[in-house]
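Here's the letter readout for the chains.
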Amino acid sequence: MMFYFIGLGLGDAKDITVKGLEIVKKSKRVYLEAYTSILTVGKEKLEEFYGREVILADRDMVETQSDEMFEGSDTEDVSFLVVGDPFGATTHTDLVLRAKEKNLEYRVIHNASIMNAVGCCGLQLYNFGETISIVFWTDTWKPDSFYDKIKRNRDLGMHTLCLLDIKVKEQSIENLMKGKKIFEPPRYMSVNTAAEQLVEIIQRKKEEGEKDLAFTEDTICIGLARIGSETQTIIAATFTDMMTVDIGAPLHSFVIPGELHPLEKDMLKLFAYNDDVKQLLNS
């Protein structure tokens, strides 16, 4: 018997592969990893399409109660569903290692991930450098270590895919200190927030006297929303404009282009926010 890691793709319930669906239907238990990404549909739609119960697996369950998920997988099939690909933007190698420690067999059913679907914006995948994550800032915590990776990519002429923060089942400091299991509403970073934080970083760099900046407020960037769904949206705008554009509901991703091939420029013109962006792409 087997513990399966099954990618769900990026859109809705029907994006699961035929092979993945066959395994889900015959599995004894089906878990849905519910803290690193979301589909455009909820658990109920998945259950309706799969014809069976789906158990939500939050961060606490995956990281501290994996024995509960593994239970019985030596004698029956158990499926662990992951939005995107199990080894795409968010990897689950820790679960694989824990499974092997228990001498459990596992198998991976792959699917589309933002790591390859980002090519829909027109940029060539082999021109992407290191991927970064941008987290929500607080009043007292504003990390910017990822800026150096953006600059390194840009210096090499490479594009940068920025994965934007997701806060699901998070507790406030107050509730954590009081030991109360009260969770904050889910939060999904928008391209607006990402652009604002990135612009604040370069403004700070300017004040510190740094002249060789990775980008400016007038640099073109790309906002992507709900990739893989019927309402997929892509827009190419300057950082200044990206702070205010509306590309709708989550999930959002953000791309900072490096050197652009003429074909990449032509593709980005299809998604240009305004004529100013088209002129920049023509220059």
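Below or above, wherever it landed, is the structure these notes cover. (Residues numbered from 1 in each chain as written. Predicted model: local features only at pLDDT ≥ 70, side-chain atom pairs only at ≥ 80, totals over all residues. Heavy atoms only, no water.)

1. Details of the pattern of salt bridges
- Under the criterion given, the structure shown has 16 salt bridges.
- Between Glu76 and Arg29 there is a salt bridge, and its shortest N-O distance comes to 3.5 Å. Taken as a pair, Glu76 in the loop between α4 (66-70) and β4 (78-82) and Arg29 in strand β2 (residues 29-33) lie far apart in primary sequence, 47 residues in all.
- Judged by its relative accessible area of 22%, Glu76 falls in the partly exposed class.
- The salt bridge partner of Lys167 is Asp165, with a shortest N-O separation of 3.5 Å.
- Assessed through its relative accessible area of 23%, Lys167 is described here as partly exposed.
- Classification of Asp165 as buried rests on a relative accessible area of 12%.
- Each member of the salt-bridge network shares a partner with another, and the members are Lys142, Asp144, Glu200 and Arg204. (Salt bridge = Lys/Arg side-chain N within 4 Å of Asp/Glu carboxyl O. Helix = DSSP H or I, 4+ residues; strand = E, 2+ residues; numbered from the N terminus. Buried < 20%, exposed > 50% of the residue type's maximum accessible area, 1.4 Å probe, protein only.)

2. What about the state of the cysteines?
- Tallied over the entire structure, the rule returns zero disulfides.
- Its sulfur unpaired, Cys162 is 9.0 Å from the next cysteine sulfur, which belongs to Cys221.
- A residue is classified by how much of its surface remains accessible, and Cys162, at 0% relative accessible area, is buried. (Disulfide = S-S within 2.5 Å.)

3. What about the sheet that holds strand β12 (residues 252-256)?
- With mixed pairing, the five strands of this open sheet are ordered in space as β6-β7-β12-β10-β11. Looking along the sheet, the strands with just one partner apiece sit at the ends: β6 (132-134) and β11 (233-238). Within this sheet the neighbouring strands show an average axis-to-axis angle of 25°, counted without direction.
- Sheet topology places strand β10 (residues 220-225) next to β12; four bridges connect them, and they run antiparallel. Bridge pairing in β12 places Ala225 opposite His252.
- Across the face of the sheet, helix α9 (residues 191-207) comes into contact with β6, β7 (160-164), β10 and β12 while running at roughly 40° to β12. (Pairing = 2+ DSSP bridges. Axes fitted to C-alpha atoms, helices over the stretch in contact; angles between N-to-C directions. Contact = heavy atoms within 4.5 Å.)

4. Side note on the nonpolar core
- Membership of the largest hydrophobic core comes to 30 residues, with the highest contact counts inside it found for Ile134, Leu198, Met242 and Phe254.
- Of all elements in the fold, only β6, α7 (146-155), β7, α9, β10, β11, α10 (239-242) and β12 reach the threshold of two or more residues within this core.
- Among the elements that take part in this core, α9 stands out by supplying seven residues, more than any other.
- Contact partners of Ile134, with chain neighbours within four places excluded, come to Phe146, Cys162, Leu163, Leu164, Asp165, Met189, Ala194, Gln197 and Leu198.
- Ile220, Leu224, Ala272 and Val277 belong to the second largest nonpolar core, which has 20 residues in total. (Core = buried A, V, L, I, M, F, W, Y, C linked by side-chain atoms within 4.5 Å.)

5. Focus: the packing of helix α11 (residues 262-269) against helix α12 (residues 275-282)
- The geometry of α11 relative to α12 is characterised by a closest axis approach of 10 Å and an angle of 175° between their N-to-C directions. With respect to α12, the element α11 is oriented roughly antiparallel. Residues Lys265, Leu268 and Lys269 of α11 pack against Lys278, Leu281 and Asn282 of α12.
- Looking at the contact of α11 with α12 residue by residue, the classes come out as two nonpolar, one polar and three charged. (Parallel < 35°, antiparallel > 145°, perpendicular 65-115°, else oblique. Nonpolar A, V, L, I, M, F, W, Y, C, P; charged D, E, K, R; others polar.)

These results come straight from atomic positions and should not be treated as a statement about function.
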